Amino acid sequence: MHKEIRNITIFGPGMMGSGIGIQFAQKGCNVILRARAQFEEDYAVENIDRNIRDMIENDCMTEEEGRMIKENIRIIYDMEEAVKDADMIFECVIEDMQIKQDLFKQLDAICPEDVILATNTSVMSITEIASTSTHRHRIVGTHFWNPAFLIPLVEIIRTVDTSDEVVDSVYEFLKWAGKRPVKVNKDVPGFIGNRLQHALLREALYIVENGIADPATVDEAVKYGFGMRTPVLGPMEHADMVGTDLSLAIQEYLLKHLASSQEPSHILKDAVEKGDLGFKSGKGIQEWTPEEVAASKRRLNDHLLKSLKDRE
Ligand SMILES: NC(=O)c1ccc[n+]([C@@H]2O[C@H](COP(=O)([O-])OP(=O)(O)OC[C@H]3O[C@@H](n4cnc5c(N)ncnc54)[C@H](O)[C@@H]3O)[C@@H](O)[C@H]2O)c1
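What counts and what doesn't
Residues numbered from 1 in each chain as written. Predicted model: local features only at pLDDT ≥ 70, side-chain atom pairs only at ≥ 80, totals over all residues. Near = placed C-beta within 6 Å. Helix = DSSP H or I, 4+ residues; strand = E, 2+ residues; numbered from the N terminus. Nonpolar A, V, L, I, M, F, W, Y, C, P; charged D, E, K, R; others polar. Buried ≥ 20, exposed ≤ 12 C-beta atoms within 10 Å, placed from the backbone. Domains from an automatic or database assignment. Contact = placed C-beta atoms within 7 Å. Core = buried A, V, L, I, M, F, W, Y, C linked by C-beta atoms within 7 Å. Axes fitted to C-alpha atoms, helices over the stretch in contact; angles between N-to-C directions. Parallel < 35°, antiparallel > 145°, perpendicular 65-115°, else oblique. Pairing = 2+ DSSP bridges. Right-handed = clockwise from strand over helix to strand, strands pointing away.

Enquirer: I tried to follow the site of the ligand on my own but got confused; where do I start?
Expert: The ligand sits among 19 residues. The nearest are G12, G14, M16, S122 and N146. Looking at the shell around the ligand, the element that brings in the most residues is helix α1 (residues 15-26), giving three residues. Across the shell around the ligand, the residue classes tally to nine nonpolar, seven polar and three charged.

Enquirer: Even after reading the chapter, I still don't get the environment of R138, so can you show me in this structure?
Expert: With respect to the helices and strands, the residue R138 is situated in the loop between α6 (126-130) and β6 (139-144). A residue is classified by how many C-beta atoms lie within 10 Å of it, and R138, with 26 of them, is buried. Linking R138 and E128, residues 10 residues apart in sequence, is a C-alpha distance of 14 Å.

Enquirer: Can you walk me through the domain arrangement of the protein chain in this structure?
Expert: Accessible area lost during the coming together of the parts is what is often quoted as the interface size. Looking at the protein chain, the domain boundaries give domain 1 (7-184) and domain 2 (197-311). The straight-line distance from the C-alpha centre of domain 1 to that of domain 2 is 28 Å. Each partner contributes to the interface: domain 1 provides seven residues, whereas domain 2 provides five residues. Its residues assigned to classes, the side of domain 1 that touches domain 2 shows four nonpolar, one polar and two charged.

Enquirer: Mind showing me how you'd approach the nonpolar core here?
Expert: In globular proteins that are soluble, nonpolar side chains generally tend to be buried together. Of all hydrophobic cores here, the largest spans 54 residues; its most connected members are V31, M88, I89 and V140. No other element matches the five residues that α1 contributes to this core. Every residue in contact with M88, bar those within four places of it in the chain, is listed here: I5, I8, V115, I116 and A118.

Enquirer: I would appreciate a short explanation of the packing of helix α11 (residues 235-242) against helix α12 (residues 244-254) in the present structure.
Expert: Each pair of packed helices can be described by the angle between their axes along with the distance between the axes. Running from amino to carboxyl end, α11 crosses α12 at an angle of 105 degrees, the nearest separation of the two axes being 5 Å. As judged from the angle between their axes, α11 and α12 are roughly perpendicular. Judged by residue contacts, A239, D240 and V242 of α11 engage T244, L246 and S247 from α12. The residue makeup of the contact of α11 with α12, split by class, is three nonpolar, two polar and one charged.

Enquirer: What am I meant to see in the pairing of strand β1 (residues 7-11) here?
Expert: Looking along a regular strand, one sees the side chains alternate between the two faces of the sheet. Among the five residues that make up β1, four are buried, leaving the element largely enclosed by the rest of the structure. When β1 meets strand β2 (residues 30-34), the two strands line up parallel, connected through five bridges. Pairing of I8 across the sheet is with V31, part of β2. Following the chain from β1 across α1 to the adjacent parallel β2, one finds a crossover that is right-handed. Note that β1 and strand β4 (residues 88-91) share four bridges and pair parallel. For I8, the partnering residue across the bridge sits in β4 and is M88.

In structure tokens, the structure reads:
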């Protein structure tokens, strides 16, 4: 028997929290964003408005839907008031173990036992986040991808304590809400998506560090090469498509030549030391003008909105 989930409370009304709010409000859920201060409220309102405007301008949403989403989202400061009617709570505060543990401990103490508590941590252990709480069966990872209302995937991560009923209820709810949930059977750092993404980034940085190609060329090789088929062909299906015999032969020859360092790349360490933080400082691994930064963000959003429309 699945728990019906319609009343949602979200802690941390930042980029992810407000994006997740849009997704559920669009499906008619009552969404409460818990803010602690005016600046958090202002950010959430501005972010929600801008994203709704983008969706309307790209014909992915009607004006009426946009109004409905805003009506379904309320911002509440008082913690107990914010969780009073919640069926499920999503934690989207900053990526800090202590802050997340403290919040879960507090929520676990004040919410009835059937309220599901989920964390949107990107890579951290759900087991550790839940470790200071008492009712650990109702604590689960739900890892959304940014922008949360455009990217369908949500990884549902169970710990050894999470109950089957909680995992199944969250899965059914996310499917109902228009997401593409997948179940991750073990609570390992990085889950599925970030393990894959960072295996690729480690190799990309190795290629640059060793003068095999420059950063722009690496990106070009992905975007115009295997990246083009990735939306319809994952690596497992691809291994079968080319044949397990060829995949094995390639692994036998190639694996020993691939990056295997357990340490972060020098390129990243040096950049951070110099304050070259990427788009936000105009220089990271590469240099970026404000126009290039805006164009890159626009390209990504347009691409995602178009994919969303094509799927309808
Ligand atoms: N940005 C991404 O692409 C992405 C993707 C998936 C998951 N995540 C994860 O989602 C979570 C939120 O990330 P984000 O990118 O939305 O960050 P963000 O900085 O946009 O939002 C974080 C929110 O937490 C609030 N906050 C800060 N300190 C707090 C505290 N001590 N107590 C309570 N709230 C506090 C901030 O004011 C803000 O509202 C993180 O765990 C992050 O790892 C991020």
